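Spelled out, the chains give:
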Amino acid sequence: MSSVSQNFMKLFRGSSGAETIPAQGSEKLTRRSSGLGELARTWQNAEGLCILDLGSTSATNIRHFTERGHRIYSEDLLTASTDPELLIKDEKGVAALDSRKFLADNLVYPAAHFDVVLCWNLPDYLDESLVKPVVGRLWSVLKPGGMLLAFFHTRDAGPDAPCHRFHIVGADTLEMKKIVLSREARRGTGAGQTTKSDGFQLQRVFNNRHIENLFHDFASIKFFLARDNIREMLVVR
Amino acid sequence: MSAPASGLQSGLAQIGKSVFIKGELSGSEDLYLDGQVEGSIALKGNSLTVGPNGQVKGSVEAKGVVVQGKLEGNIKASDRVELRKSAIVTGDVSTQRISIEEGAYLKGKVDISRADVK
């Protein structure tokens, strides 16, 4: 596995054109995504791609890929992480999630299975105990040369940045809809309690160094800065 | 297929919500299932509706499949699959057309033999 620090390419594109246009009378926003645009150029002429979407079930995304002859897998890892059976206590007696059980029940795929993984904002909202194990599993299920798209909030987004679901509505355009939980769910070990919540809570803000360390097993990493306090990242296995 | 009115409807078999079946089901008529089934269901040429109280653990093969309840298993529909907003499906879906309401939960692969997604 090559080190990211030896052969990654970092490209900072200022003002990548992400703009939010509020839809009238709804909680949906649209934004342009440079990362998605780059992915779309990659799969433009490809056939039969195998894609993993890690957001909540999206008919829009399923339609987008199946109309182009690709296979899409849908797996909502954030919702899966709220399973109360995952709760354990670590060596210090602090509440945590059982990452071994989580990976036994989720992301169970053959090695080198996917061409594309759409992580969206998963790392920002996933419980701390699950982030590294999940990224490690994603590396193994991606094909060599496969790509992973992820979004990270910048510090300016603030601690109450809402968790959105991203729907692909164009080659480089996403519709964002705030995730509203319909039942009680954990907000992560930081909260330490099960509360009624209307969504997932931002768990952390990654800086570039954190992101590079997290994805150090990947061959290359590319960042795209945007105006809306979201930093997009495209990594290649 | 909507929830059936009280009383039997001709041409529609029904499994009520208090019924639990363990074993393979097959038939040549439409089926409305609001109970629990552990085993595969084969209704080639006909439709299966899993009602809001319905729970299926096993693969399903039919012409059309509508899910309002819970289904753990692969779905193979020669025509169409509909996941209503209360659907919880864990398994792969293979069909010609698929319709997914907002709120439906799907964990698995979607394979469309003809790209006609609604």
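What counts, and at which threshold
- Residues numbered from 1 in each chain as written.
- Chains lettered and ligands numbered in written order.
- Predicted model: local features only at pLDDT ≥ 70, side-chain atom pairs only at ≥ 80, totals over all residues.
- pLDDT = per-residue confidence, 0-100.
- Contact = placed C-beta atoms within 7 Å.
- Buried ≥ 20, exposed ≤ 12 C-beta atoms within 10 Å, placed from the backbone.
- Helix = DSSP H or I, 4+ residues; strand = E, 2+ residues; numbered from the N terminus.
- Pairing = 2+ DSSP bridges.

(A) Local environment of the confidence of the model for chain A. Residue and element names in this part refer to chain A. Per-residue confidence for chain A gives a mean pLDDT of 82; residues scoring 70 or more make up 81%. Taken together, the stretch residues 21-25 has pLDDT below 50 and engages in 6 contacts with residues farther than four places along the chain or on a different chain. Long-range and interchain partners of residues 183-196, a stretch whose pLDDT sits below 50, account for 23 contacts in this model, where long-range means more than four residues apart.

(B) Looking closely at the pairing of strand S9 (residues 164-168) of chain A. Residues and elements named next belong to chain A. Where burial is concerned, most of S9 is hidden: 4 out of the 5 residues are buried. As paired strands, S9 and strand S10 (residues 173-178) are joined by 5 bridges and run antiparallel to one another. Across the sheet, residue His-164 finds its bridge partner in S10, namely Lys-178. Here S9 folds back onto S10 in antiparallel fashion, the turn holding 4 residues.

(C) Structural detail: the pairing of strand S6 (residues 41-50) of chain B. All names here are of chain B. Bridge count between strand S3 (residues 25-26) and S6: 2 bridges; the pairing is parallel. By the bridge assignment, Leu-25 is partnered in S6 with Ile-41. Relative to S6, strand S4 (residues 30-33) is paired through 3 bridges, and the arrangement is parallel. Across the sheet, Leu-31 pairs through a bridge with Leu-48, a residue of S6.

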